[in-house]
There are 4 protein chains.
Amino acid sequence: GILERLDAGEIVIGDGGFVFALEKRGYVKAGPWTPEATVEHPEAVRQLHREFLRAGSNVLQTFTFYASEDKLENRGNYVAEKISCQKVNEAACDIAREVANEGDALVAGGVSQTPSYLSCKDKTEVKAAFRKQLDVFMKKNVDFLIAEYFEHVEEAVWAVEVLKESGKPVAATMCIGPEGDMHGVPPGQCAVQLVKAGASIVGVNCHFDPDTSLETVKLMKEGLQAAKLKAHLMSQPLAFHTPDCGKQGFIDLPEFPFGLEPRIVTRWDIQKYARKAYDLGIRYIGGCCGFEPYHVRAIAEELAPERGFLPEASEKHGSWGDSLSMHTKPWVRARARKEYWENLKPASGRPYCPSMSKPDGWGVTKGARELMQQKEATSEQQLKELFQKQKF
Amino acid sequence: GILERLDAGEIVIGDGGFVFALEKRGYVKAGPWTPEATVEHPEAVRQLHREFLRAGSNVLQTFTFYASEDKLENRGNYVAEKISCQKVNEAACDIAREVANEGDALVAGGVSQTPSYLSCKDKTEVKAAFRKQLDVFMKKNVDFLIAEYFEHVEEAVWAVEVLKESGKPVAATMCIGPEGDMHGVPPGQCAVQLVKAGASIVGVNCHFDPDTSLETVKLMKEGLQAAKLKAHLMSQPLAFHTPDCGKQGFIDLPEFPFGLEPRIVTRWDIQKYARKAYDLGIRYIGGCCGFEPYHVRAIAEELAPERGFLPEASEKHGSWGDSLSMHTKPWVRARARKEYWENLKPASGRPYCPSMSKPDGWGVTKGARELMQQKEATSEQQLKELFQKQKF
Amino acid sequence: GILERLDAGEIVIGDGGFVFALEKRGYVKAGPWTPEATVEHPEAVRQLHREFLRAGSNVLQTFTFYASEDKLENRGNYVAEKISCQKVNEAACDIAREVANEGDALVAGGVSQTPSYLSCKDKTEVKAAFRKQLDVFMKKNVDFLIAEYFEHVEEAVWAVEVLKESGKPVAATMCIGPEGDMHGVPPGQCAVQLVKAGASIVGVNCHFDPDTSLETVKLMKEGLQAAKLKAHLMSQPLAFHTPDCGKQGFIDLPEFPFGLEPRIVTRWDIQKYARKAYDLGIRYIGGCCGFEPYHVRAIAEELAPERGFLPEASEKHGSWGDSLSMHTKPWVRARARKEYWENLKPASGRPYCPSMSKPDGWGVTKGARELMQQKEATSEQQLKELFQKQKF
Amino acid sequence: GILERLDAGEIVIGDGGFVFALEKRGYVKAGPWTPEATVEHPEAVRQLHREFLRAGSNVLQTFTFYASEDKLENRGNYVAEKISCQKVNEAACDIAREVANEGDALVAGGVSQTPSYLSCKDKTEVKAAFRKQLDVFMKKNVDFLIAEYFEHVEEAVWAVEVLKESGKPVAATMCIGPEGDMHGVPPGQCAVQLVKAGASIVGVNCHFDPDTSLETVKLMKEGLQAAKLKAHLMSQPLAFHTPDCGKQGFIDLPEFPFGLEPRIVTRWDIQKYARKAYDLGIRYIGGCCGFEPYHVRAIAEELAPERGFLPEASEKHGSWGDSLSMHTKPWVRARARKEYWENLKPASGRPYCPSMSKPDGWGVTKGARELMQQKEATSEQQLKELFQKQKF
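For clarity, every value in this text was computed on a predicted model and none was experimentally measured.

Observations regarding the overall build of chain A
Check the secondary structure of chain A and you find 17 helices and eight strands. Relative to the globule expectation of 21 Å for 392 residues, the C-alpha radius of gyration of chain A, 20 Å, shows essentially globular dimensions. Within chain A, the proportion of its 392 residues that are buried is 65%. For chain A, long-range pairs separated by at least 24 residues make up 76% of all intrachain contacts whose partners lie at least 6 apart in sequence.

Structural notes on helix α9 (residues 123-139) of chain C
What sets the pattern is the α-helix's 3.6 residues per turn: residues three or four places apart point alike. Residues and elements named next belong to chain C. Under the 1.5 Å per step criterion, the end-to-end length of α9 is 24 Å for 17 residues, consistent within 8% with the ideal 24 Å. Among all positions in α9, only Val126, Lys127, Ala129, Phe130, Gln133, Leu134, Val136 and Phe137 are buried. Residues of α9 that are buried sit in contact with α5 (69-72), α7 (85-100), β3 (106-111), α8 (115-118), β4 (144-150) and α10 (153-164). One or two steps after α9, the chain reaches asparagine 141, where phi turns positive at roughly 55°.

What to know about unusual backbone geometry
Across the junction of Phe256(C) and Pro257(C), the peptide omega takes the value -5°, indicating a cis bond. Take Pro257(C): it is sitting in the loop between β7 (232-236) and α13 (267-279). You will see that His207(A), though not glycine, has its phi angle at about 65°, which is positive. Position of His207(A) relative to the elements: it lies in the loop between β6 (201-205) and α11 (210-226).

As for the relation of the copies chain B and chain D
Once chain B is rotated about the relating axis by 180° and shifted along it by 0.0 Å, it coincides with chain D to within an RMSD of 0.0 Å. Accordingly, the operation relating the two chain copies is best matched by a two-fold axis. No C-alpha of chain B lies nearer the rotation axis than that of Pro351(B), which sits 3.1 Å from it. Residue by residue, 100% of the interface of chain B is reproduced at the interface of chain D, so both copies engage with the same surface.

Observations concerning the interface of chain B and chain D
Contacts between the two partners involve four residues from chain B and, on the opposite side, four residues from chain D. Residue composition of the side of chain B that touches chain D, grouped by class: two nonpolar, one polar and one charged.

Quick word on the UniProt feature "binding site: Zn(2+)" (unreviewed entry) in chain A
Residue and element names in this part refer to chain A. As annotated in UniProt, the feature "binding site: Zn(2+)" (unreviewed entry) corresponds to Cys206, Cys288 and Cys289 in the numbering used here. What stands out for the annotated residues spanning 84 residues is how close their C-alpha atoms remain, the widest pair being 6.3 Å apart. Residue placement: cysteine 206 occurs in the loop between β6 and α11. Residue cysteine 206 is classed as buried on the basis of its C-beta count, with 28 C-beta atoms lying within 10 Å. In this structure cysteine 206 touches Tyr149, Cys175, Leu238, Cys288 and Cys289, once residues within four positions along its chain are discounted. You can see cysteine 288 is positioned in the loop between β8 (284-285) and α13 (293-302). Among residues more than four places away in sequence, those in contact with cysteine 288 are Gly17, Asn205, Cys206, Gln236, Pro237 and Leu238.

What about the sheet that holds strand β5 (residues 170-174) of chain A?
All names here are of chain A. Ordered by their spatial adjacency, eight strands build an open sheet running β1-β8-β7-β6-β5-β4-β3-β2, and the pairing between neighbours is parallel. For this open sheet the edge positions go to β1 (12-13) and β2 (59-61), each flanked by a neighbour on one side alone. Both β2 and strand β3 (residues 106-111) contribute to a ladder of three bridges, which runs parallel. Directly across from leucine 60, in β3, lies its bridge partner valine 107. Where helix α6 (residues 85-100) meets the sheet, its contacts fall on β2 and β3, and the angle it forms with β3 comes to roughly 155°.

Description of α11(A)
Residues and elements named next belong to chain A. Taking 1.5 Å per residue as the helical rise, α11 with its 17 residues ought to reach 24 Å, and the 24 Å between its terminal C-alpha atoms agrees with that figure. Turning to α11, its buried residues are Pro210, Thr212, Ser213, Leu214, Thr216, Val217, Leu219, Met220, Lys221 and Gly223. Looking at the buried side of α11, the elements it contacts are α10 (187-197), β6, β7 (232-236) and α12 (267-279). Phi for lysine 228, located one or two positions after α11, is positive at around 55°.

Focus: the interface of chain D and chain C
At the interface, 90 residues of chain D touch 91 residues of chain C. Sort the elements by how many residues they give to the side of chain D that touches chain C and helix α4 (residues 42-55) of chain D lands first, with six residues. Partitioned by chemical class, the residues of the side of chain D that touches chain C number 45 nonpolar, 21 polar and 24 charged.

Points about the relation of the copies chain D and chain C
Here chain D sits on chain C after a turn of 180° about the axis and a move of 0.0 Å along it, with an RMSD of 0.0 Å. Most of the interface of chain D is mirrored in chain C, where 100% of its interface residues are also at the interface.

A short note on the packing of helix α4 (residues 42-55) of chain C against helix α14 (residues 293-302) of chain C
Any two packed helices are characterised by how steeply their axes cross, that is the angle between the axes, and by the distance between the axes. Residue and element names in this part refer to chain C. One way to put it is that α4 packs onto α14 with a least axis distance of 8 Å and a crossing angle of 20°. Between α4 and α14, the crossing angle belongs to the class labelled roughly parallel. Seen from above, α4 lies across α14 with right-handed handedness. Facing Glu51, Phe52 and Ala55 of α4, the residues of α14 in contact are Pro293, Tyr294, Val296, Arg297 and Ala300. Of the residues in the contact of α4 with α14, the class split is six nonpolar, no polar and two charged.

Things to note about the pairing of strand β5 (residues 170-174) of chain D
Residues and elements named next belong to chain D. The buried fraction of β5 amounts to five of the five residues, a majority that puts the element mostly inside the structure. Because side chains alternate across β5, one face comprises the buried residues Val170, Ala172 and Met174, and the other comprises Ala171 and Thr173, equally buried. Direction of pairing for strand β4 (residues 144-150) relative to β5: parallel, over a ladder of four bridges. Residue pairing across strands places phenylalanine 150 opposite methionine 174, the latter belonging to β5. Each parallel crossover has a hand, and for β4 linked through helix α10 (residues 153-164) to β5 it is right-handed. Pairing between β5 and strand β6 (residues 201-205): four bridges, direction parallel. The partner of threonine 173 across the bridge, within β6, is glycine 203. Handedness of the crossover joining β5 and β6 through helix α11 (residues 187-197) is recorded here as right-handed.

Considering the sheet that holds strand β2 (residues 59-61) of chain B
Residue and element names in this part refer to chain B. In spatial order, the strands read β1-β8-β7-β6-β5-β4-β3-β2; together these eight strands make up an open sheet with parallel pairing. Of all strands in the sheet, those bounded by a partner on one side alone are β1 (12-13) and β2. Along the sheet, helix α7 (residues 85-100) makes contact with β2 and β3 (106-112), crossing β3 at roughly 155°. Of the strands in this sheet, β3, β4 (144-150) and β5 (170-174) touch helix α10 (residues 153-164), which is tilted by about 170° from β4.

Examining the confidence of the model for chain A
A residue-level look at chain A finds 99% of positions with pLDDT of 70 or above and a mean pLDDT of 96. Listed scores for the predicted complex are pTM 0.95 and ipTM 0.96.

Reading the values: the criteria
- Residues numbered from 1 in each chain as written.
- Chains lettered and ligands numbered in written order.
- Predicted model: local features only at pLDDT ≥ 70, side-chain atom pairs only at ≥ 80, totals over all residues.
- Helix = DSSP H or I, 4+ residues; strand = E, 2+ residues; numbered from the N terminus.
- Rg over C-alpha atoms; globule rule 2.2 N^0.38 Å.
- Buried ≥ 20, exposed ≤ 12 C-beta atoms within 10 Å, placed from the backbone.
- Contact = placed C-beta atoms within 7 Å.
- Expected span 1.5 Å × (residues − 1).
- Least-squares fit on C-alpha atoms with pLDDT ≥ 70 in both.
- Nonpolar A, V, L, I, M, F, W, Y, C, P; charged D, E, K, R; others polar.
- UniProt positions renumbered as here; feature names shortened; annotations may be inferred.
- Pairing = 2+ DSSP bridges.
- Axes fitted to C-alpha atoms, helices over the stretch in contact; angles between N-to-C directions.
- Parallel < 35°, antiparallel > 145°, perpendicular 65-115°, else oblique.
- Left-handed = near helix turned anticlockwise from the far one by under 90°.
- Right-handed = clockwise from strand over helix to strand, strands pointing away.
- pLDDT = per-residue confidence, 0-100.

So, in structure tokens, the structure goes:
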């Protein structure tokens, strides 16, 4: 089990971000970001799980991100009606388990924030949404549960409370930065509330780059220490550089989601992240949007001395570039060493682009009219109003 | 057949770069860059073919890049001995055909430049290497043949001559820029020689970004016109911005191959490329290293008005970002329009990095000692000498 | 008098930075940064005063920066011995008064931080150094006094106490950022201490860019309000962009002092600064290192609506670029408007350079061995030790 | 005389750009860029001459740029009528001679391109404009003559022909880049025509950065060699980085003229330029717009080994930063060495700005309606038309 591993001091490596990776592969739609691929194209989901497993992941998360009923029918989304919430969640469990069995990995069932909460539905209604997914996870007997990608600690606590009903271990990660949740609750307090609600593992995922995310987890750690609470720490950041983000993270950056390419982190950035996370005491180390299999492998390679082994995919990768000694061109063979890659400041090849962006800051959050869930698609008139509000 | 389609004025969409995509997925080793995954992990190769097919590719190239015998045993590579050149090529053909049959795609057998040529082996020996691969292609009955990724037109001509023996249509692309091949032959003359040798389709692939590559094809087109020769034009550039490249392309950039992330082009860059290529008269439009399925889809979406249909993967993609109208956050919905993405100058999030790099320029080419093929791995001593030569 | 003007609600425009401007003109040596030009080349000092006066300055500061006796004989400096502290200060007063009389400007005598303080000399000794300069200011009858460029509020308070002995109005500015002084005293507390010591005007000068400086003054303002103290506010920031500075300001940036060119602010940046400073309630608005006469003119032009008049030098400058309507080239005439210059994001023309730097952070301050004053020049051995300590 | 010095193999150091330096000091109006300061504020012109002399200039150019009668009355300019062309030119000669006599410098009378030429006035009329200035230069007995800042070699040749009537040595520089003059005449041919017309010294000034300018002079040198002509070479480039310029130079850059700050070159850039110019065989080495006295000093310091002496202003400057050994802060003292400054890639402190710009390219030249001289100011209607034409 996950807690046995962590309690024993093992490093647990998470997986990467499914919605972004599968969007690029053609199976997920940016906008709704829902996981109907589990039913529509199981082979694509299966292959991505396999790649993460091969890269070193010890946990395969069911591809159930944004798979709550309300999200599957939000703003014109057809999935709830044409496929059904239950089928999407069930297929996700089956695929994850199938691949997990090919190696030594655990399956984690995951829930994430709901449009219902943003639309000010009450606790009972929001919890019912989580419980619907949990029923599937229990039926399919996942190994543990993750409540992830929450912008408001209140909703995250509700999620943890529901998941705890199962008796299985619960991890909880919020998509917040050092400034705290959207209601202004600081990271330290968020961590305390989550642990009190029953989470055994807490941390952050998504929305910020590795450095910023580790800063946030550090604040969580300090909050827990101050409250004399114990929990394992977890981080699953973006694989994008986001030093210019405001409180709400990369969603606000003008490049989100179709112009983020120049921000993608290198494998060497990830090795630095893995080391820093380890030094901070984090033992559940993974990634989120932007993390591709080679990024997960970089975690496993950096921490190979501590873990004592390399992942399978390292058969096709030399540590710190040493496979380049097999390159035909001599000046590329000269790059087969750590000093080279460690110190490289990679150029963007984009001389007409800046290095930082001013994030959008519309200042709307839970309860704002424009955040309300609606079943029908966004209308032309609604879009027109938004375009006018946008400065660009 | 490929020529029927092109002769009829159809746009043919190529696929993307396998070695880079599969390196990130954990199945190809940077350095040797050889395609043993066809035997070792056929499911991974199959899945990538499927994604390109779904994204709109009309041609599936057999994953036989660098699959000549000499490359499979160069500098410590184990593939020739442990697997065999023939098995790698056969498996590649089988997988490509299997997936092509799932849709309306052609299978192209591909050969590329050889270490033998760089090591000054004679014409007979180099041709024998190509012929070995061709035998497999004939046995497996591919639809047509591609000679690609040649830095020297002399070797490319030899390849075309061999492939023409088959009677099948031959396409030939060189990995050169506007300055011409490594021996200084300008693009226009390269094109003329290739057509005279029997190629029906000529152009460029790899080594340079879309803009630079189109400049090179333009020079080829002018060369053919001046020589009153007819051929179809083809371009399969990098999906990396490389305005700072010298004559030899992105191999020389300090970021090659593990720090190229900030240079990755967006889908919008690709739409501009597709339009420009079309306007230049190119009708075989694809990609090379860095091209992921979503980049190929961007070609298909840009040229949908001319072709009259969208690719399957566009089910999960709105034209010019319009699926963002389904996003929860209003400021992201405000990005659901062409003007936004067309004008965005994406930031790198890397304020300590420059926008351009000075490429390595070692000035070694065919015949240089450090370029010679050798079966044994690069020795420590050889590496040490290279490190000293390197300025970094 | 200065207080009459400020009390009446007038905007008082300061001047710009003499040491940087005269270094570029060939009269000040970077390193010691001492003002012996008042004796050696009075015509150059006089001309710079005239340019600032013409640009709109209401105050001409005597060029007595770093003109304390201990600084004039620090690390091999010849000025104390060859010229004398008194002569440098006297000449500075005479030149400033001569030019002030050509217009409607006040003369302010200025003192700044001393090597004695950094070398841990006691209060009596440090005060004696300020008093020596004050004696000259009284003899020459300057209009008011400024204690500027202090990194430690303790020393600044000592300076204010000495200057207050004169009975003349005293302004005090520290070269600190939002993090406070080198001993960690926050800006709000610094302001409170300075006002309690007798300063009628408080604020910041040097070390940080306009935006950062205004942030610091805002904290000072809040500190004063909390303490129910009243004082006029003053800002004289750098004319360099320094978003990447740490606590100690631009001294730490690798570009200091000979590579700062790409950071120089435009006149439009200054107009934005002047407006923001005014809106924050600052009424003594000037500049420091990097400010050239055209930057001061930009303050005067931005605030012309409030003040009701333009400076003399605006005879040679159209508001927001409108003199470009006289340019020969039509595309330059098209730039004769505010929208153009207000929105321009100027390029650096330096594609191989980054946009931000990591500042040096040696963590040495008052009392550190390497900060001690010494009469003899830095020895080869001392330099060698420093070079080894430096990472570059 | 100038030719004696050059014939003897001496290095002659030119001065810097007056219109830009005096614009920043408040005496020249951007747009018309005319030199009425010689009459209105002689002390400012005198001081700038002195600074260049002190920095090492061997030639003081009369401040007669754009001082032809037609320019002094173009587009609303008042100078011809209110002051007179003759007085401006006479005062310029007097001031330059006065300062030249303070040291060992020559006075050069200068003419530059005319609106008359752009307005298609005939040869006689254009020559008459030059002759009017020449009459003053002869009366004031300047040491030699410079025809500078010509975009069309035809007009430059006319200028040289007029200046040659005086019997004094003539230098001629064009403001062109490697692509040649505005009519497409390549640099090599321009040089040949100028020498044939009587110029003893040829080269380029203004419009491009040091590197680009040297490329152009190299082409001129090759043109002269091919034509078996002899002349001394001269370069007076911008002190701005302009790698992104098109054919017409920095006028086209969106930053011209009020946002060029981030492009200003450092003293170290100038030392590299001086060395490169010298190695190319150029012996008249100076600067143009953007060159401040410290840039000229950098030429003199770089070439001090060849010349055997330092300029006066080096009393206030240590070679390659060594005066920093006198700085108070140890980490700044650690920068007192060549390796540090030579390798520094200075950051812009502008993370929201790009590194390169797309130049305006309106494609209008001699004869275009919008280039015509007109006495009356540009009308509102004319401006409005231009604003519409502008993309920004």
